[in-house]
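Structure assessment
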Amino acid sequence: MHMGSRITAETSACSAEIFTKKVAGSSKDWKAGEPVPYAALAEVFERIDSTTKRLEIAEYLTTFLTNVITRTPGDLVKVIYLCINRIAPDYEGLELGIGEGMLKKAIAQATGVNVNHINAEYKKAGDLGLVAMNSRATQATLFKPKALTVNHVFNKLREIAKTTGASSQTKKVGSINGLLAACQGQEAKFIIRSCEGKLRIGLAEQTVLGSLAHATVYARHAQESKKVSSDRIAKELEEASKTLKTVFSECPNYDLVIPPLLEGGTELLREKIRITPGIPLKPMLAKPTKAISEVLDRFEGKKFTCEYKYDGERAQVHFADGKLSVFSRNSEDMSVKYPDLIEHMQKCIKPNTQSFVLDAEAVAWDKDEHKILPFQELSKRKRKDVKAEDIKVKVHIFAFDLLYLNGESLLKKDLEHRRELLREHFTPVEGQFAFAKSRDIYAVEEIQAFLDESIQDSCEGLMVKMMEGDDATYEPSRRSLNWLKLKKDYLAGVGDSFDLVVIGGYHGRGKRTSVYGAFLLACYDPESESYQAITKIGTGFSEEMLESHYKFLHPLEIPNKKPYYDLGDAKPDVFFEPKVVWEVLAADLSLSPVYSAAKGLIETRGVSLRFPRFIRIRDDKDPDDASNSEFVAEAYQRQVVASGGGGKGKKKGGGEDGGDGFW
Ligand code: ATP
């Protein structure tokens, strides 16, 4: 059930006042106008950590946020950042993710325990946060330290993330040490986890957004202190949550979104915050389909269009005040990686185009043969210090959507209209910029023919999109049924590929002793913030590939598994920092006695991929954007339905060696 509706039904009956009261049993309170104590936030984290019930998690957080809004609204932005474990908007690229070694050093310095002991404790507990907390607890201190505030902790974490240069290591250790020395109770646990870049209390960003929206509603009613019917509150809560989530997907920046939300609720928010060139919005995503018939089931009788699905990297191009920038699927600023893209774009902007946000695919281009090259050619490019004159493989942009033009959002216009504006305001430039090839189609045979054409032109398949009406708007961040992807691989019966995190390695044997011979891959489970092992992949790699994987992964080796690696019974020889995402195709999925992927979603057992085959490195995806457990469960269910079996685990396998196969 949707969390929002549950909280509505059960809590609104109590009326709004309850939300300005203390959480029952809370010992960490503060007065209006005082800074929010970090201990109060740590207590909420602890409560959230102690339950798996979504409703309870949302209630704890909503209550706390309501208190922050009514008592210390100036701290709200920082509270929210700490809840989602970030210190700046995604696209600013400012990250914590401090390595284990540095954290151990800081814990040792702050608590007077030596590093060997910390290592031993870490081996037992598997969580540096706990080690830090326990070490602090057993430490004799002369003076009770001054209580930490949310404001101070956040500022320090930001300062740590920004520290660069020669003595940055020492400075960072010093700052963490300073924070730890002031910690009391459970605070150290969460500070260390924040430094690691993973809070691991099962708090998803969507829950935080929902609670934030609800808290603004409750806070307003509490301040007005009028009696309101529970029906009305229920309606307001639902609307607030929907509006905030929509606005945030268009402008993912809490520093900008929170002030109008506090000032005038979601009504003012909707009015003030719009898609803005320079701030990447979350891209609309497509649903996979397995057959042309599925496309027709969805689109029959509607006006739809098929576009080539180019095989490159998503590029969201922004332009305002004469400045061009380009963002990846992940909202990473790629302007430096693609100086040639910026150069190309300048030539195709018509004079009547003053500002825009364009959705496109950047593809590797052979300028002598005038054709698309494999995507890998582009991923070889450096990410920084790229000079236009040194670039051998050029980038070609294929534009497929226009989201903003000359000061106006186009998100609510239908695709037909957006496409018209796109074509009116840009000029194609041979070998540099073109509109995605498209055809408006009505019969199955035509789709098949266009699909074949796209493959011949080195594309991956087709994107099928709704053209007209309310279903043809642009839906940021949504994987929508109004965009379907039809890839040639699906039609071969193997289904969509998986993007998986490389979390472990197996030493090679025979000729391969100097490299890893196989790898342990994992999907991401957002609920538990853990990586769940899904398969071992070891065949189909050339010697050269294994060497290059080794070079890349060896520096990421870590001595122990991360506490948030759910291995099931998999036993790799080494572990890696969760950094690398690979795209992988598999022959099929099976229920597994060994792997933990999607466990609990179908059965208590997990699911594994059989006969996985490496496709490519996905450096445009963060580990947390890897295929999630729900996607894995859905792929398994679809396979069961497609094979006509209602039975579970028809196939045996998924043993730890089940990964190797016929590819
Ligand atoms: P997803 O982005 O759906 O999570 P993914 O990153 O693995 O999955 P694909 O499954 O290959 O990507 O499909 C979607 C991607 O296809 C888009 O993100 C975009 O980069 C690319 N693409 C290429 N051509 C088009 C097009 N005409 N319209 C929309 N997207 C396109």
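For the structure, see preceding data.
Notes on the structure in this doc start here. Source: prediction; values computed, not measured.

Before going further, it helps to spend a moment on the overall build of the protein. When its secondary structure is counted, the protein shows 21 helices and 22 strands. The buried share of the protein, reckoned over its 663 residues, is 57%. The long-range fraction of contacts in the protein, counting pairs at least 24 apart against all pairs at least 6 apart in sequence, stands at 73%. As displayed, the protein has an accessible area near 28600 Å², and 50% of this comes from carbon and sulfur atoms.

Quick look at helix H6 (residues 115-125) now. Capping the start of H6, Asn-114 holds a side-chain oxygen 3.1 Å from the backbone nitrogen of Asn-116, two or three residues further along. Downstream of H6 by one or two residues, Gly-126 has phi in the positive range, about 70°.

Here we come to the pattern of salt bridges. Under the counting rule described, the total for this entry stands at 44 salt bridges. For Arg-618, the salt bridge is made with Asp-499, and the minimal N-O distance between the two is 3.8 Å. You can see Arg-618 sitting in the loop between strand S22 (613-617) and helix H21 (629-642) and its partner Asp-499 sitting in strand S13 (residues 498-507), a full 119 residues away along the chain. Within the structure, one salt-bridge network assembled from shared partners comprises Asp-311, Asp-499, Glu-583, Arg-616, Arg-618, Asp-620 and Lys-621.

Non-glycine residue Arg-200 carries a positive phi angle of around 55°. Relative to the helices and strands, Arg-200 is located in the loop between helix H10 (187-196) and helix H11 (205-224).

Residues in contact with the ligand amount to 19 residues; listed here are only the nearest, Lys-309, Arg-329, Glu-361, Arg-479 and Lys-485. In this structure, Tyr-310 approaches the ligand through a main-chain N or O atom, which is 3.1 Å from a nitrogen atom. Arg-618 places a side-chain nitrogen or oxygen 2.8 Å from an oxygen atom of the ligand. Secondary structure elements with two or more residues in the shell around the ligand: strand S2 (304-309), strand S11 (461-466) and strand S12 (479-487). The dominant element in the shell around the ligand, judged by the number of residues it contributes, is S12, at 4 residues. Here the residues of the shell around the ligand sort into 6 nonpolar, no polar and 13 charged.

Rules of the game
- Residues numbered from 1 in each chain as written.
- Predicted model: local features only at pLDDT ≥ 70, side-chain atom pairs only at ≥ 80, totals over all residues.
- Heavy atoms only, no water.
- Helix = DSSP H or I, 4+ residues; strand = E, 2+ residues; numbered from the N terminus.
- Buried < 20%, exposed > 50% of the residue type's maximum accessible area, 1.4 Å probe, protein only.
- Contact = heavy atoms within 4.5 Å.
- Areas by Shrake-Rupley, 256 points an atom, 1.4 Å probe, with all protein chains shown as cover.
- Polar contact = N/O pair within 3.5 Å; in protein donor to acceptor, adjacent residues only side chain to side chain.
- Salt bridge = Lys/Arg side-chain N within 4 Å of Asp/Glu carboxyl O.
- Near = heavy atom within 4 Å.
- Nonpolar A, V, L, I, M, F, W, Y, C, P; charged D, E, K, R; others polar.

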